[in-house]
Amino acid sequence: MLIESISGVRGTVGDGLTAEIVRDYAGAFHRFCPDGGIVIGRDSRPSGKEFVSDITDRLKKLGRSVEDCGIVPTPTVQYTVEAGDAVGGIVVTASHNPSEWNGLKFVGRDGCFLNGEEVEELMSLKGADLKASEISGERIEDGSAIDRHIAKICDVGWIDLKAIRNRCFRVAVDAVNGAAAEGLPKLLSAFGCEVVAINCEPTGDFVRGTEPLPENLGELSRVVREESCHVGLAADPDGDRLAIVDENGRAIGEEYTLVLAVDSFLHSADSSAPVVTNLSTTLAVERVAGARDIQVLRSAVGEINVVEMMKANGSLIGGEGNGGVILTEVHLGRDSLVAAAALLQRLSLTDDPLSGVMTALPQFEIVKERVSIEGIEAEILFEKIATSFDDAAADERDGLKLSWNDRWVHIRKSNTEPILRIYAEAPTKGGAETLAQDVKAIVNG
């Protein structure tokens with residue numbers, strides 16, 4: 001199986017994704033980019049090593065120099081492109097897909113992922129018979145990319161590195177043996193933390209569910225309690241998303257990673273710029289920002305959509321409710337290392353434990369459902385659902401979102417399956433479940 005989308009390309013190794021396909025995409029990216037070097041990095045999947053070799057050989061024959069960062073978090077590649085002289089980057093990763101998958105993400109010269117129009121252009125450039133360059137390019141091994149990335153985060157103006165170091169936080173880390181397995185503990189050590197590491201060998205052996213959801217963090221929760229840690233942190237395989245476990249071993253959910261980061265930023269930075277997030281992210285972001293008269297802008301779902309809205313509105317912080325925090329001062333991409341730094345900064349501002357900080361935040365519950373729509377036009381269903389909730393504010397930029405003062409439901413059509421995804425939020429889990437079930441009943445009816 002091979003999936004091509006705005007997020008790049010991913011597929012099952014040897015079936016959907018082959019060396020030939022990877023080389024074809026490398027050639028297309030060569031045609032897409034202006035003259036200059038290209039950065040490459042990968043997550044820890046065993047198949048990535050050969051795919052990196054295939055891409056490197058292809059680009060070198062076309063006259064390109066390749067800066068190989070090795071196994072690093074996706075945001076490290078983005079930062080390396082933005083901070084250096086490269087004209088683009090390729091990340092070999094399948095994000096949260098299982099280990100038998102792999103894929104390619106494409107980074108523009110500004111360090112951001114390609115947008116929809118750019119991806120469409122890239123796709124159109126595949127399949128060309130490209131002539132080898134008379135002068136071969138070179139491969140440059142970059143073993144210090146993660147160190148530069150961490151140094152940049154340590155230098156963020158509103159993060160008080162000295163205050164964090166003085167607290168000597170004890171932090172448990174579960175990197176799912178992925179791309180952040182070395183980088184996340186190294187960042188924490190730079191912040192003066194004592195690190196208790198589990199699943200922090202970059203082997204690609206994803207021993208828990210790849211997404212850092214509460215149901216996949218049982219081992220981390222246990223370690224936090226047994227080792228008396230102040231907090232537990234969990235990354236996904238490519239290291240762009242972070243989930244958090246409090247000192248009692250309670251997984252607080254990915255939604256609140258961004259809420260805590262925004263709260264940390266607004267406590268510590270002097271900024272009136274808007275916060276940007278997507279349509280499916282918790283209302284708690286609005287409540288935290290609104291307490292300081294900061295506007296929250298919402299984009300369609302997808303990192304690049306958030307990033308482009310941040311650019312257009314001069315936003316300094318944003319992200320998505322999947323554990324993805326974006327800080328303009330470092331680079332415009334979701335970054336688990338940035339999220340970890342923002343959390344430590346927030347904890348350094350108070351003697352309260354994380355559970356106490358959480359209690360002071362606005363409380364909402366999100367539920368996520370799906371329903372089959374095989375043989376049914378999604379647009380017809382959207383119209384029917386909107387008519388059934390005529391007291392709600394409707395937003396049709398990305399599927400259909402219906403909003404009230406303290407709750408919302410967002411319905412989106414899957415790009416790969418005949419299903420609708422239903423996300424609902426309310427002050428209580430029961431309220432959110434009722435809202436989601438009401439929508440499902442309309443679809444099934």
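Please read these numbers as outputs of a predicted model, since none were measured by experiment.

A few words now on the overall build of the protein chain. Looking only at helices and strands, one finds 15 helices and 20 strands in the protein chain. For 445 residues, the compact-globule estimate of 2.2 N^0.38 gives 22 Å, and the protein chain sits close to it at 22 Å. Expressed along its principal axes, the backbone C-alpha trace of the protein chain runs to roughly 65 × 60 × 40 Å. Counting across all 445 residues of the protein chain, residues that qualify as buried make up 58%.

Next up on the list: the sheet that holds strand β12 (residues 275–278). With mixed pairing, 4 strands are arranged side by side in an open sheet as β13-β12-β14-β15. At either margin of the open sheet sits one strand with a lone partner, and together these are β13 (296–299) and β15 (324–327). Taking each pair of neighbouring strands and ignoring which way they run, the sheet shows an average axis angle of 20°. By the bridge criterion, 4 bridges tie β12 to β13 in an arrangement that is parallel. Following the sheet pairing, Asn278 is matched in β13 by Ser299. The strands that helix α11 (residues 303–313) touches are β12, β13, β14 (317–320) and β15; relative to β13, the one it contacts most, it runs at about 140°.

Right, let's get into the packing of helix α5 (residues 145–154) against helix α7 (residues 183–190). Interhelical geometry of α5 versus α7 gives an angle of 40° and a closest axis separation of 10 Å. Put simply, α5 runs oblique to α7. Here α5 runs over α7; the crossing is right-handed. Along its contact with α5, which presents Ile146, Asp147, Ile150, Ile153 and Cys154, the element α7 presents Gly183, Lys186, Leu187 and Ala190. Of the residues assigned to the contact of α5 with α7, the class counts are 6 nonpolar, 1 polar and 2 charged.

Further remarks concern the pattern of salt bridges. Counting across every chain of the model gives 27 salt bridges. A salt bridge links Glu320 to Arg334; its shortest N-O distance comes to 2.9 Å. Note that Glu320 is positioned in strand β14 and Arg334 in the loop between β15 and α12 (336–348), a separation of 14 residues in sequence. Of the charged contacts in the structure, one is a salt bridge between Arg407 and Asp406, with a shortest N-O distance of 3.1 Å. Its relative accessible area of 26% is what places Asp406 among the partly exposed residues. Salt bridges linked by common partners bring Lys105, Asp238, Asp240, Glu303, Glu320 and Arg334 together as one network.

The 5 strands are arranged β16-β20-β19-β18-β17 in an open sheet whose pairing can be described as antiparallel. Of all the strands in the sheet, just β16 (365–372) and β17 (393–395) have a single pairing partner and so form its edges. Neighbour to neighbour, the strand axes of the sheet diverge by 15° on average, direction disregarded. In the sheet, strand β18 (residues 400–403) pairs with strand β19 (residues 408–413) via 4 bridges, with the strands oriented antiparallel. Opposite Ser403, over in β19, you have Trp408 as the bridge partner. Running at roughly 10° to β18, helix α14 (residues 378–388) makes contact with β18, β19 and β20 (419–426) of the sheet.

Each value, and the rule that gives it
Residues numbered from 1 in each chain as written. Predicted model: local features only at pLDDT ≥ 70, side-chain atom pairs only at ≥ 80, totals over all residues. Heavy atoms only, no water. Helix = DSSP H or I, 4+ residues; strand = E, 2+ residues; numbered from the N terminus. Rg over C-alpha atoms; globule rule 2.2 N^0.38 Å. Buried < 20%, exposed > 50% of the residue type's maximum accessible area, 1.4 Å probe, protein only. Pairing = 2+ DSSP bridges. Axes fitted to C-alpha atoms, helices over the stretch in contact; angles between N-to-C directions. Contact = heavy atoms within 4.5 Å. Parallel < 35°, antiparallel > 145°, perpendicular 65-115°, else oblique. Left-handed = near helix turned anticlockwise from the far one by under 90°. Nonpolar A, V, L, I, M, F, W, Y, C, P; charged D, E, K, R; others polar. Salt bridge = Lys/Arg side-chain N within 4 Å of Asp/Glu carboxyl O.

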